[in-house]
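So you can see what is in the structure, the chains are spelled out below.
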Amino acid sequence: MKLGIDLDDVVAVACVAYLKRFAAEYSVELPDEESLGWHLLDTFEHLVPRAERDRFRTRTYDGTFFAELETYDGVSGALDSIVNAGHEIHFITARSERRRVVTETWLREKDLLRYAQTVRLKPRGDFIPTARPGAYDPDSSGRYKARVARELGLDAFCEDDPVVAEAIADAGVRVWLFDRPWNRDAEHRLIRRVRDWADVTGIIAREGGA
Ligand SMILES: [Mg+2]
């Protein structure tokens, strides 16, 4: 089978790292780690307005953030067993194409780059020109990933973002949605919730990915 794999919050522990930086910068209190999620950022509106949050995002992403991320437990062993079983992997991220060097360098350092047939980043033209600079833009990310999923003829896509997951599923591609505090409402007949990487390799082993 051909498998598309998102990077942030599927391979890389991004949200928790991001919120810790955010909390340190603006001296805000965070809840327990298991309830941390992207959805929390909006709750800081009264302390940190949206425009400042967008500036923080750009500043953070332009810095060392992507280079310093950790991987989720079991990623490396899971990708190894998936590829060894004859399946094909493509990393497909909504990170901007201009972050290719930091992204591929990180994947190489984590010894994950060798598992992927291709690494897809979001081309400039896929951003909505009128969108706020630095803004989180799940709708255009969803359209971009759904298009790539169809082009590659993917059998399944590992994703965490609920808007993106629904766009991919609407395009007729199955999604294995990594369970996160920010995606609990996502539902679709082609979306299947998974706990972790052991869950994904279990599905592939039991069902051949069907
Ligand atoms: Mg993600």
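Keep in mind that what you see is a predicted model, and the values were worked out from it rather than measured. (Residues numbered from 1 in each chain as written. Predicted model: local features only at pLDDT ≥ 70, side-chain atom pairs only at ≥ 80, totals over all residues. Heavy atoms only, no water.)

Considering the domain arrangement of the chain
Splitting the chain by domain gives domain 1 (2-13 + 69-207) and domain 2 (15-68). Among the residues making up the side of domain 1 that touches domain 2, the classes are represented as nine nonpolar, one polar and seven charged. (Domains from an automatic or database assignment. Nonpolar A, V, L, I, M, F, W, Y, C, P; charged D, E, K, R; others polar.)

Considering unusual backbone geometry
With a phi angle near 70°, Asp9 is a residue other than glycine that sits in the positive phi range. For Asp9, the position within the fold is in the loop between β1 (2-5) and α1 (15-26). Even without being a glycine, Ser27 presents a positive backbone phi close to 50°. Within the element layout of this structure, Ser27 appears in the loop between α1 and α2 (50-62). For Ser27, a relative accessible area of 67% corresponds to the exposed category. (Helix = DSSP H or I, 4+ residues; strand = E, 2+ residues; numbered from the N terminus. Buried < 20%, exposed > 50% of the residue type's maximum accessible area, 1.4 Å probe, protein only.)

Thoughts on the packing of aromatic side chains
The tally for this structure, following the rule as stated, stands at 13 aromatic pairs. Their ring planes at 55° and their centres at 4.8 Å tell us that Phe22 and Tyr26 sit as a pair that is tilted. Pair noted here: Phe22 and Tyr26 are both in helix α1, with a separation of four residues, about one helical turn. Of the two residues, Phe22 and Tyr26, neither departs from the other in class, the shared state being buried. With a centroid separation of 5.6 Å and 25° between ring planes, the pair formed by Tyr61 and Phe65 is classed as stacked. One aromatic cluster is present, built from ring pairs that chain together Tyr18, Phe22, Tyr26, Trp38, Phe44, Phe56, Tyr61, Phe65, Phe66 and Trp182. Its end group placed over the ring of Tyr72, Arg180 keeps NZ or CZ at 4.3 Å from the ring centre. (Phe/Tyr/Trp six-rings, centres within 6.5 Å; stacked < 30°, edge-to-face > 60°. Lys NZ or Arg CZ within 6 Å of the ring centre and 35° of its normal.)

Observations regarding the nonpolar core
If you look at the biggest cluster of nonpolar residues, it comprises 49 residues, and the most contacted ones within it are Leu3, Ile5, Val11, Leu79, Phe91, Trp176 and Trp197. Ranked by residue count, the leading element in this core is α1, at seven residues. Here this core spans two domains, since at least three of its residues come from each of domain 1 (2-13 + 69-207) and domain 2 (15-68). For Val11, the residues in contact, after removing those within four places along its chain, are Ile5, Asp6, Glu70, Thr71, Tyr72, Val75, Phe91, Trp106, Leu112 and Trp197. Within the second largest apolar cluster, 17 residues are counted, among which are Phe157, Ile168, Ala169 and Leu190. (Core = buried A, V, L, I, M, F, W, Y, C linked by side-chain atoms within 4.5 Å. Contact = heavy atoms within 4.5 Å.)

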